[in-house]
Amino acid sequence: VQLQASGGGLVQAGGSLRLSCAGSRDMFDFKFLGWYRQAPGKEREFVGNLLSSTGDTRYSDSVKGRFTISGDNAKNTLYLQMNNLRPEDTAVYYCKLTGWGSLPAIYWGQGTLVTVSS
């Protein structure tokens, strides 16, 4: 599965961006569709994910209430709507697919850079 993330860029604090992650095949066959990020000098961290079977979403505490994950099955695309952005949200954002089972298949997108200026 190839994943193409897009939508990153430079935005002022308090602004919004929407990231997209388009898949080369049906992303909603996977169990979890998620977003992660990696800030300079830091480890990659969980942002949030969507459980395909129910549509339920969960988020890290740092983005809860500001970020929203959604998906469009017809377009085979996952979205991350980011509002009220903060400088500490600056990072490369990655989408991730996690399959079903005890040894799930995992696929990562190539990342898109989000820079939030103060």
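Here, every reference points to the structure presented above.
Residues numbered from 1 in each chain as written. Predicted model: local features only at pLDDT ≥ 70, side-chain atom pairs only at ≥ 80, totals over all residues. Heavy atoms only, no water.

Caption draft 1: Structural detail: the pairing of strand S4 (residues 32-38). Extensive coverage of S4 is indicated by the burial of 5 of its 7 residues. Across 6 bridges, the pairing between S4 and strand S5 (residues 45-51) is antiparallel. If you follow Tyr 36 over to S5, its bridge partner there is Phe 46. Where S4 folds back on S5, the antiparallel hairpin that results is connected by 6 residues, among which Gly 41 adopts a positive phi of roughly 75°. (Buried < 20%, exposed > 50% of the residue type's maximum accessible area, 1.4 Å probe, protein only. Helix = DSSP H or I, 4+ residues; strand = E, 2+ residues; numbered from the N terminus. Pairing = 2+ DSSP bridges.)

Caption draft 2: Representation of the pattern of salt bridges within the structure. If you walk through the whole model with that rule in mind, you get 5 salt bridges. Measuring nitrogen to oxygen at the nearest pair gives 3.2 Å for the salt bridge that ties Lys 64 to Asp 61. Across the pair Arg 66 and Asp 89 runs a salt bridge, and its minimum N-O distance is 2.7 Å. Residue Arg 66 is found in the loop between strand S6 (57-59) and strand S7 (67-72), and its partner Asp 89 is found in the loop between strand S8 (77-82) and strand S9 (91-98); the two are separated by 23 residues along the sequence. (Salt bridge = Lys/Arg side-chain N within 4 Å of Asp/Glu carboxyl O.)

Caption draft 3: Fine view of the nonpolar core. Counting residues in each nonpolar core, the largest one holds 28 residues, and the members touching the most others are Met 27, Trp 35, Phe 67, Leu 80, Met 82 and Tyr 93. Elements that contribute at least two residues to this core include exactly strand S1 (3-6), strand S3 (17-23), S4, S5, S7, S8, S9 and strand S11 (112-117). Looking at this core element by element, the count peaks at 4 residues for S9. When neighbours within four sequence positions are excluded, Met 27 is seen to be in contact with Leu 3, Cys 21, Ala 22, Leu 33, Asn 76, Thr 77, Leu 78 and Leu 97. (Core = buried A, V, L, I, M, F, W, Y, C linked by side-chain atoms within 4.5 Å. Contact = heavy atoms within 4.5 Å.)

Caption draft 4: Examining the side chain of Asp 89 more closely. Relative accessible area serves as the criterion here: at 0%, Asp 89 is assigned to the buried category. In terms of polar contacts, Asp 89 uses its side chain to reach the side chain of Arg 66, at 2.7 Å. Once residues lying within four places of it in the same chain are set aside, the contact partners of Asp 89 are Arg 37, Arg 66, Phe 67, Asn 84, Val 114 and Val 116. (Polar contact = N/O pair within 3.5 Å; in protein donor to acceptor, adjacent residues only side chain to side chain.)

Caption draft 5: Inspection of the pairing of S5 at higher detail. Counted residue by residue, S5 has 5 buried out of 7 residues, so it is predominantly covered. Strand direction decides the pairing type here: S5 and S6, joined by 3 bridges, are antiparallel. Across the sheet, residue Asn 49 finds its bridge partner in S6, namely Arg 58. As consecutive antiparallel partners, S5 and S6 are separated by 5 residues, and within that stretch Gly 55 has a phi angle of approximately 85°, a positive value.

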